Amino acid sequence: MNVWEGSKGKRMSQQDKLLVKILRGTSDANISFVQLCQLLAALGFEERIRGSHHIFSKEGIEEILNLQPKQGKAKAYQVKQVRTIILRYKLGEQYAD
């Protein structure tokens, strides 16, 4: 089963819903910055904070994600970067069960 199908009749968690929203790519400008950071942490990323920059890295992932909030939301181009990493490395499959 993939992320698009939901959880076989089970209620989707907030993390599930956010992951689906990010993967659909239809509302990149309307993603909560705090929720995006929580999702990355749940996916196993380590976070460092330098000023307003939240830097996420994960062993086995070549890219580093550098995110900054804008009025409580994640920047649309940064959500796109997160989506690219999730798809490239097939992250988030634990939410699809």
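Residues numbered from 1 in each chain as written. Predicted model: local features only at pLDDT ≥ 70, side-chain atom pairs only at ≥ 80, totals over all residues. Heavy atoms only, no water.

Visitor: Which parts of the structure should I look at to understand the pattern of salt bridges?
Guide: Oppositely charged side chains may form a pair once their charged atoms are brought near each other. All told, the structure shown has 2 salt bridges when counted by the stated rule. The closest approach of N and O atoms between Arg83 and Asp28, which form a salt bridge, is 2.7 Å. Within this pair, whereas Arg83 is found in helix α3 (residues 76-88), its partner Asp28 is found in the loop between α1 (14-24) and α2 (33-42), the two being separated by 55 residues in sequence. With respect to burial, Arg83 and Asp28 carry one shared label: buried. (Salt bridge = Lys/Arg side-chain N within 4 Å of Asp/Glu carboxyl O. Helix = DSSP H or I, 4+ residues; strand = E, 2+ residues; numbered from the N terminus. Buried < 20%, exposed > 50% of the residue type's maximum accessible area, 1.4 Å probe, protein only.)

Visitor: Can you walk me through the side chain of Gln78 in this structure?
Guide: With respect to the secondary-structure elements, Gln78 resides in helix α3. Overall, the relative accessible area of 1% leaves Gln78 in the buried class. Those residues in contact with Gln78, other than ones at most four positions away along the chain, are Asn66, Leu67 and Gln68. (Contact = heavy atoms within 4.5 Å.)

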